[in-house]
Every structure is written in C-alpha cells, then in structure tokens.
Amino acid sequence: MRRLVAGTIAAVALAAAAATPVAARIPAPSLFGLNTGTFDPNYAHYVRDLPAARGLGARWVHFTGSLVKARRGRPDFSLLDSQVAGARRLRLGVLISLGGAPQACSIHPRPSDLSSCPPRSAHDLRAYAAYVRTIVRRYRGRVRYYESWVEPNHRSFWPTGPNAAEYAAVVRVQYRALHAADPAARLILGGMGGSDLPFLDAVLRALGGRRTFDLAGAHPYRFPPVAPDVPKGTNLAGGGSAQLDWKGELTAAEDRFAARGYGRPRMWLTEFGWPGSRRASGAYHLDYAQQAADLRAAYKLLRSDPALRFVQAAFWFNLRDYAPGYQNPDPEFFGHYGLLENGFARKPAATAFRQLARGA
C-alpha cells in the first residue's frame, strides 16, 4: 500500500513541538495496532491522530521511514522524533519501518521521499549501515521493533524495479547494524504488498537460510477487497495459482519460511485492512457495513484460530481516510481505508475495532 505523509506544515509544526517522552515500559506485542500515516495538510487534524488512535483502544502505532526528511544531505529526524515522543507519552508501542537515507541514495535525481530510495551499491550499503545504527541508537529504550522495508515487491517503494537479491543485501546490512546498535532490538522482514508468495520466496532463497531477521512481516491486503473467508486467486511460489482465503494466504506465507530453513517465525501484519465508504464502488472499495464485517471476521481469525497463532501483532491500515483530492494519486483506491473519515467521524469499523480492542 502506498503511504503518503503529511505536508510541510505538519513537519515544521511537529518539529517545533517535539519533547522528551515520558519513560514508559514498551508494551507487549498486540493485535491492536494502527497505522497513523494520513496524508492531510491540515495540521489541526494531524496532531489529533495519536490521541484518536489511543481512544480507539490501539496499543501500538506504526511509523514509516518517510517521516525522516533529507536536509542538506543529512537525515532530519525532527518529525519522527515528535511522533515517537507523542506515542510514548500515550503509552503506545512504536513500530518503525526503515527506509532510505540521504547518504545512501543511489537513485538520481534523489527522490524527496527517502522511503523509496533503496541503497544498492557497496558504497551506499556501507553508508546505509551507519544510518541504521544512528536511528536505532536514537530510539534505544523507546523503540524495539523495526520493519526492514515497506513493500519491497512494489515499484512505488523500489523504483528501479523490485529485485529480491538487492533487497536481501539490504536486509543483511540492516540486521548486523541494528543488533550492533541495540542487541534488544528486533528486525521484521519487510511486509510484501499483498500475498506475493513468489517474491517472498525469492528473497528467502537469496538470504540462504542465514539468520538475517528476527520476525516475519506481511501486508496481506486483498485486491480486489473481498472478505477474509472468500477464496481468491493467489500466485504460488513454485508457479501456478490457487484459490486461497485470507487464512490460506497467511499460512502459505508462513510455510515459505519453513520451506527455506527459517522454521515458523512469529509474524507481524504491519499493514492490513479493508476499505469502506458510504457506498461501495466495484473493485475499489466496500460500503461501511461490509468493511466492519470484514474487520470483525479478520480479528476473529487472528484471535481464535489455532492455525494462525504465529501472528503475533497486527496493525490496521489506516486510522483515517486520506484527505480527499489533496495530491492523492487515486482517491477511489487510496481514500477509504480509514476506521475514521478524514474529519474523524467514526465509521462502523471504528466502533468494531474499539469494542474488540477494549475486550481483549
């Protein structure tokens, strides 16, 4: 899922508001996490996101490397600093997805969004290792879990074209650098967009069974959005396809780790969700009632199906709908994944999430 971040106004205001977080114990992993990256130029909206997530019962939030900006060729952590501080003050656990770094961007011209700037050369990988050590040391004691990358199987986050060998090289560098900076930190293999079993298998094959991550990651969206119990065509790692429901897609991904010598690692669904709008629109999005029904069905599986016990944490995408019409490349596609409307009105899915989270 393409992630769009708040505009410059939010970056400036939040940087100015950054403060030292209140010390708090990092909570246990939870199925009730939320992604809060909402593309919205309204600063008054943006600063309400973390309290709104907490109000819905979220235990964790997920931030991406796109919150790290490039300033004069150096990483500027001020926006991410403020978000981490705000989350920890609310006793929320924090997951950070790593992205690119200005010193290690081999793509020219350098993109403004460093999360889509993978290091590829030997020089860039060395520079990137230093960046990973910097960010992990910066949040040591406040952040323990890092996702390696966001959807490296999609060109939107690997603009030179998805490349399993290139991504595997990045993972190896990340793992060494992260554990050198904080032995207690944990690296989650980047979630593939959708159930891309062939790409996941190619990455694991390139990693060769060596220990280069601590946990599995997944972004198990379903395109077009169909209910968790509805089978849909899924490409298999060995070729061909099969009709799999959502549980089948998750277990098939977990099986790839076992097949490549990694056993059955705990899995984090760092993004997942179903869109919902007032009216359904074909393959684009569901109506509000169906979105809420699919959320309940997904959580029923995650909480009670023994075959999915390997799923340790989950983060619904997204807290709020993206702002309509504001630099949204495809409003019908990207604009409806929120539990809340853009102006914070609750959808039925928000009520369902809150009830489940508070009853957990």
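Numbers given for residues are sequential positions, taken from 1 along each chain in its written order. Only residues with pLDDT of at least 70 get local features here, since the model is predicted, and only at 80 or more are side-chain atom pairs given and counted; chain-wide, interface and lining totals rely on the full set of residues. To obtain the side-chain values, all non-hydrogen atoms of the structure were used and water was disregarded.

Further remarks concern unusual backbone geometry. Residue P224 is bonded to the preceding F223 through a cis peptide linkage, with omega at -5°. The linkage connecting F317 with the following residue, N318, adopts the cis geometry, with an omega of 20°. Numbering of helices and strands runs from the N terminus, with a helix taken as a DSSP run of H or I at least four residues long and a strand as a DSSP run of E at least two residues long. Position of N318 relative to the elements: it lies in the loop between strand 14 (311-316) and helix 10 (331-334). One non-glycine residue, R91, lies in the positive phi region at around 65°. Inspection of the secondary structure puts R91 in the loop between helix 4 (78-89) and strand 5 (93-97). A residue is classified by how much of its surface remains accessible, and R91, at 43% relative accessible area, is partly exposed. With phi around 80°, F344 is a residue other than glycine that occupies positive phi space. Burial status follows relative accessibility: with a 1.4 Å probe on protein chains alone, a residue under 20% of its type maximum counts as buried, one over 50% as exposed, and anything between as partly exposed.

A word on the state of the cysteines. The rule for a disulfide is simple: a pair of cysteine sulfur atoms within 2.5 Å. Taken as a whole and judged by the stated rule, the model has one disulfide. Between the sulfur of C105 and that of C117 lies a disulfide, 1.9 Å long from S to S. Measuring the twist about the S-S bond at about 115°, one finds the C105-C117 disulfide to be right-handed. Remark: C117 occurs in the loop between strand 5 and helix 5 (122-138) and C105 occurs in the loop between strand 5 and helix 5; sequence separation between them is 12 residues. On the basis of relative accessibility, which here comes to 3%, the residue C105 falls in the buried class. Judged by its relative accessible area of 0%, C117 is buried.

Here we take up the nonpolar core. Working definition of a nonpolar core: buried Ala, Val, Leu, Ile, Met, Phe, Trp, Tyr and Cys residues. They are joined through side-chain atoms within 4.5 Å. Ranked by internal contacts, the top residues of the largest apolar core, which has 95 residues, are Y128, L269, F272, L302 and F353. Per-element accounting of this core gives the leading share, 11 residues, to helix 6 (residues 164-181). In this analysis, two residues are considered to be in contact whenever any of their non-hydrogen atoms come within 4.5 Å of each other. Apart from residues no more than four positions distant in its own chain, F272 is found in contact with P220, Y221, W246, A298, Y299, L302, A314, F315, W316 and F317. Formed by nine residues, the second largest nonpolar core is a distinct cluster that contains I26, W60, L95 and W268.

Here we come to helix 6. For helix 6, built from 18 residues, the straight-helix expectation of 26 Å at 1.5 Å per residue is met to within 8% by its first-to-last C-alpha distance of 26 Å. By the criterion of burial, helix 6 is predominantly enclosed, with 14 of the 18 residues buried. A side-chain oxygen of the first residue of helix 6 lies 3.1 Å from the backbone nitrogen of A165; this N-cap is N163. A helix is expected to span 1.5 Å for every residue after the first. The definition of a polar contact used here is a pair of N or O atoms within 3.5 Å, where within protein one atom must be able to donate a hydrogen and the other to accept one, and adjacent residues in sequence count solely through side-chain atom pairs.

This part covers the packing of helix 5 against helix 6. In this analysis an axis means a line fitted to C-alpha atoms, helices contributing only their contacting stretch, and an angle means the value between N-to-C directions, from 0 to 180 degrees. The interhelical angle for the contact between helix 5 and helix 6, taken along N-to-C directions, is 40°, at an axis separation of 8 Å. Regarding the angle of helix 5 to helix 6, the classification is oblique. Pair helix 5 / helix 6 crosses with right-handed handedness. Residues L125, Y128, A129, V132, R133, V136 and R137 of helix 5 touch helix 6, and the partners they reach there are A169, V170, V173, Q174, A177, L178 and A181. Of the residues assigned to the contact of helix 5 with helix 6, the class counts are 11 nonpolar, one polar and two charged. If an angle is under 35 degrees, it is roughly parallel; if it is over 145, roughly antiparallel; if it lies from 65 to 115, roughly perpendicular; otherwise it is oblique. The sense of a crossing depends on the near helix, which, turned anticlockwise from the far helix by less than a right angle, makes the crossing left-handed and, turned clockwise, makes it right-handed. Only Asp, Glu, Lys and Arg are considered charged in this grouping, and only Ala, Val, Leu, Ile, Met, Phe, Trp, Tyr, Cys and Pro are considered nonpolar; every other residue, Gly among them, is considered polar.

At least two bridges found by DSSP between two strands are what make those strands a pair. With parallel pairing, the eight strands of this open sheet are ordered in space as 7-6-5-2-1-14-11-8. Edge positions in the sheet fall to strand 7 (186-188) and strand 8 (216-218), since each of these pairs with one other strand and no more. Pairwise comparison of adjacent strand axes, ignoring direction, gives a mean angle of 25° for this sheet. One ladder, built from five bridges, connects strand 2 (residues 60-64) with strand 5; its direction is parallel. Counterpart to T64 in the pairing with strand 5 is S97.

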